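So the chains spell out like this:
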Amino acid sequence: MRPQEYQQLVQQNLPPRPVLKNTLWAFVVGGLICTVGQVILSLVPFFEPSKTGSAAITLAAMILIGSLLTGFGVYDELAEVGGAGAAIPITGFANTVTAAAMEYRREGYLQGMGAKMLIIASPVITYGILVSFIVALIKSLILGVL
Amino acid sequence: MQYLIAFLVGGAICALAQLILDTTKYTPTHVLVATVSLGAVLQGLGLYEPFQEFAGAGALVPVSGFGSSITKGMLAEAKSFGWYGLFTGTFEITGLGLAASIVFSTAITLFRKPQR
Amino acid sequence: MGNNRVGIQTIAFSRQPRIASSYTIVGPLEGKGPYALEFQEILPDDTLQQKTPEKTERLMLEMAIEKTLQQNDTKISDVQFYIAGDLLNQIISSCFSARTYPIPFLGVYGACSTFCEALGLGAIMLQGDFADQVLIGTASHYQTAERQFRYPIEMNIQHHGTNHHTVTGAAAALLNLGTEGPRITHATFGSIVDWGLKDANDMGSAMAPAAFSTLKQHLIDTGRKIEDYDLILTGDLGKQGSKMLKILLSHENYTGLERIQDGGASIYSDQQKTGAGGSGSACVAVMTLGYLKNKLNSSKVKRVLILATGALLSATSSLQGDSIPCIAHGIALEA
């Protein structure tokens, strides 16, 4: 058998991905996380009426929830079921930061946790900034702000 | 009603991401970066804010909200201060997410260890 | 050609070195698996009160060595060589475990095939009269492997059917030319096989051609058939890799495939949600020195072949888009 034939054979014999089941679970888990966010978003205005303020508090609360669930070893289990449903919400972002912080703390607070806390979150931050910069630059030029 | 919309919209974004993960060779990192970038572009087109108006937390909580917030901050500060606002505006809104993640994570790291 | 060689790649041991004593330690998850009773020690937790999993892995290996020596009433000074390897960068668990022993140490690396590499080299030393006793050992730990090859433990990851779960455990064995224990009759060291597979999340499929190539060469060299073995224990192909190995074998009309069992695919039960099964250098080691040795000692099987496979990739090489070079070493044991 030639390697190319074998590679094709591997593709044909991979265990089937439960696409429908995964998608459904991602929908449910992601949806529920957003619903929790909505509950917070609806309650916050009682003591923080400004729109930006309540959105900020909601996000902070979601990040706290994500970090706590990570600390107690729950979030990785949630992700086994929910997949993207656990990764896409901001709680997933918080999870990557907390998970990396806990993991690399063993190499010290400075060179371990300090250096590597954002190691997983970094692509999101980096490309978030790069893409936003290009978008904002183009829009500012078009609007004649600059 | 707003809860249902948040559930459906947030769930749909995640389901779409999962579908891409399961049917293509892209990794979770690819999909996350794509979601953030999409949020940034939609904000630039002026679409993300009406979307968030409609979906509430369903648009705020997914990381696309992170991308849109960076663009929003940059645009706002560019308007106020000119070109350097594009840089200073980066963390105007998202600084919160970043700072909260770092502070909470550090606090938890003091008490908890990875398990299994 | 040397007198002790048969065929192209196989060594035949006329003096038939033996596994005089051995000790296996596994973590709590493996201790809940279907082969739990075969292992000599099951740890209550996977930390052993150590600060880091690297220290735990090292300690497990040291414990396995101590117990192996104790069981045979052997002092370390009566052993001439200590051969060990593990998964970590610079094989630190093995090197650090050797610190306390004032005997020559040889570090080996073959990923999950490390154990067979050490076993074969030890047998060669005894056959060649270079040593009276050789100590071998290996260890792996889920957390150390996960953080080195993949992601932080608590990170959100959805595992798939082809992902492996690194076995937490350690195994050591004392080899000599005595009268106790299973005899090592043949060793077939494999060459590197790389059929261009790149998916680090499917190491089983990548390793199957290596297992196939070594098994085929072993059978040609020794003139044996698969049926001449009561059991062939492959190491860490997992469910997916075993499936691919059987496809490759049946493609060339081999029979007796039901005699092939995979250590990685067996060590966990389906309910334990470990994807394709176990991996890690400890996996095939604890399955051989636990399960297989018990079977040989109780004469349930007479002749077995261990076929340990290793995927020789690193986190860097897979990010750089390189394919996965794989290897398999075969060791034939007789009761």
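What this report covers is the structure whose coordinates are included nearby. Fair warning: this is a prediction, and the values are worked out from it, not measured in the lab. (Residues numbered from 1 in each chain as written. Chains lettered and ligands numbered in written order. Predicted model: local features only at pLDDT ≥ 70, side-chain atom pairs only at ≥ 80, totals over all residues. Heavy atoms only, no water.)

1. What about the overall build of chain B?
Reasoning step 1: On a plain count of helices and strands, chain B comes out with seven helices and zero strands.
Reasoning step 2: Starting at the N terminus and ending at the C terminus, chain B contains elements arranged as α-α-α-α-α-α-α.
Reasoning step 3: Each principal axis of the C-alpha distribution contributes one length, and for chain B these read about 50 × 35 × 35 Å.
Reasoning step 4: Residues classed as buried in chain B amount to 52% of the 116 residues present.
Reasoning step 5: Within chain B, contacts between residues separated by at least 24 positions form 50% of all contacts whose residues are at least 6 apart in sequence.
Reasoning step 6: For chain B, the accessible area works out to roughly 5,400 Å², and carbon and sulfur atoms hold 73% of it.
Reasoning step 7: In chain B, the 6 positive side-chain charges and the 5 negative ones have mean positions that sit 18 Å from each other. (Helix = DSSP H or I, 4+ residues; strand = E, 2+ residues; numbered from the N terminus. Buried < 20%, exposed > 50% of the residue type's maximum accessible area, 1.4 Å probe, protein only. Contact = heavy atoms within 4.5 Å. Areas by Shrake-Rupley, 256 points an atom, 1.4 Å probe, with all protein chains shown as cover. Lys, Arg positive; Asp, Glu negative; His and termini not counted. Charge placed at Lys NZ, Arg CZ, Asp CG, Glu CD.)

2. Some remarks on helix α4 (residues 75–82) of chain A
Reasoning step 1: Buried within α4(A) we find Tyr75(A), Asp76(A), Ala79(A) and Gly82(A). The buried residues of α4(A) all sit within an arc of 130 degrees when viewed along its axis, so they share a single face.
Reasoning step 2: Buried positions along α4(A) lie against α2 (19–43), α3 (51–71), α5 (84–87) and α6 (90–104) of chain A together with α1 (2–23) of chain B.
Reasoning step 3: After α4(A) finishes, the residue Gly83(A) shows a positive phi value of roughly 55 degrees. (Arc of directions from axis to C-beta.)

3. A few points about the interface of chain B and chain A
Reasoning step 1: Facing the 69 residues of chain B at the interface are 71 residues of chain A.
Reasoning step 2: Taking both sides of the interface into account, the surface hidden between chain B and chain A amounts to around 5,700 Å²; carbon and sulfur atoms contribute 78%.
Reasoning step 3: For the chain B face of the interface with chain A, the top three residues by lost area are Tyr3(B), Phe7(B) and Val61(B), together amounting to 11%.
Reasoning step 4: Applying the counting rule to chain B against chain A returns twelve residue pairs in polar contact (both at pLDDT 80 or more).
Reasoning step 5: If you tally residues by element for the side of chain B that touches chain A, the top one is α1(B), at 17 residues. (Buried area = accessible area lost by both parts, 1.4 Å probe. Polar contact = N/O pair within 3.5 Å; in protein donor to acceptor, adjacent residues only side chain to side chain.)

4. A closer look at the pattern of salt bridges
Reasoning step 1: This structure, assessed with the given rule, holds 15 salt bridges over all chains.
Reasoning step 2: As a salt-bridge pair, Glu146(C) and Arg150(C) come within 3.2 Å of each other at their nearest N and O atoms.
Reasoning step 3: The shortest N-O distance in the salt bridge between Lys239(C) and Asp270(C) comes to 3.0 Å. In this pair, Lys239(C) is assigned in helix α6 (residues 238–251) and Asp270(C) in the loop between α7 (263–267) and β13 (277–279), connecting sequence segments 31 residues apart.
Reasoning step 4: Salt bridges sharing common partners tie together Glu103(A), Arg106(A), Glu107(A), Glu54(C) and Arg147(C). (Salt bridge = Lys/Arg side-chain N within 4 Å of Asp/Glu carboxyl O.)

5. Some details on the interface of chain B and chain C
Reasoning step 1: Counting residues at the interface gives six residues for chain B and 13 residues for chain C.
Reasoning step 2: Inspection of the chain B/chain C interface yields zero salt bridges.
Reasoning step 3: Taken together, the links from chain B to chain C amount to two residue pairs in polar contact (both at pLDDT 80 or more).
Reasoning step 4: Residues that form the side of chain B that touches chain C fall into these classes: one nonpolar, two polar and three charged. (Nonpolar A, V, L, I, M, F, W, Y, C, P; charged D, E, K, R; others polar.)

6. Considerations on the state of the cysteines
Residues and elements named next belong to chain C.
Reasoning step 1: Taken as a whole, this structure holds zero disulfides over all chains when the rule is applied.
Reasoning step 2: Cysteine Cys116 remains unbridged, with the sulfur of Cys112 as its closest cysteine sulfur at 11 Å.
Reasoning step 3: Since its relative accessible area comes to 0%, Cys116 is described here as buried.
Reasoning step 4: In this model Cys283 remains outside any disulfide bridge; the closest cysteine sulfur is found in Cys112, 7.5 Å from its own. (Disulfide = S-S within 2.5 Å.)

7. Notes on the side chain of Thr94(B)
Reasoning step 1: For Thr94(B), the location among the structural elements is in the loop between α6 (85–88) and α7 (95–111).
Reasoning step 2: With residues up to four places along the chain from it excluded, the contact list for Thr94(B) reads Phe66(B), Ser69(B) and Ile70(B).

8. Focus: the nonpolar core
Reasoning step 1: Among the nonpolar cores identified, the biggest contains 50 residues, and Ile88(A), Ile90(A), Phe93(A), Val61(B) and Phe66(B) are the most heavily contacted of them.
Reasoning step 2: Take this core: its biggest share by element is six residues, from α1(B).
Reasoning step 3: With sequence-adjacent residues up to four places away left out, Val61(B) is seen in contact with Ile33(A), Cys34(A), Gly37(A), Met62(A), Ile88(A), Pro89(A) and Ile90(A).
Reasoning step 4: One finds Ile11(C), Leu119(C), Met125(C) and Leu126(C) within the second-largest nonpolar core, a separate group that totals 46 residues. (Core = buried A, V, L, I, M, F, W, Y, C linked by side-chain atoms within 4.5 Å.)

9. A word on unusual backbone geometry
All names here are of chain C.
Reasoning step 1: For Gln49, which is not a glycine, the phi torsion comes out positive at approximately 55 degrees.
Reasoning step 2: Relative to the helices and strands, Gln49 resides in the loop between β4 (41–42) and α1 (53–71).
Reasoning step 3: Assessed through its relative accessible area of 67%, Gln49 is described here as exposed.
Reasoning step 4: The residue Ala111 is not glycine, and still its phi comes out positive at about 50 degrees.
Reasoning step 5: Tracing the chain through its elements places Ala111 in the loop between β6 (105–107) and α3 (114–127).

10. Digging into the side chain of Ser205(C)
Reasoning step 1: Counting through the fold element by element, Ser205(C) comes out in helix α5 (residues 203–222).
Reasoning step 2: A relative accessible area of 0% places Ser205(C) in the buried class.
Reasoning step 3: At 3.3 Å, the side chain of Ser205(C) forms a polar contact with the side chain of Gln240(C).
Reasoning step 4: Aside from chain neighbours lying at most four places away, what touches Ser205(C) is Tyr6(A), Val10(A), Leu197(C), Gln240(C), Gly241(C) and Met244(C).

11. Side note on helix α1 (residues 3–13) of chain A
Residues and elements named next belong to chain A.
Reasoning step 1: Buried within α1 we find Tyr6, Leu9, Val10 and Asn13. Looking straight down α1, one finds its buried side chains confined to an arc of 105 degrees; they lie on one side. The exposed set on the far side of α1, more than 90 degrees from its buried face, consists of Gln8 and Gln12.

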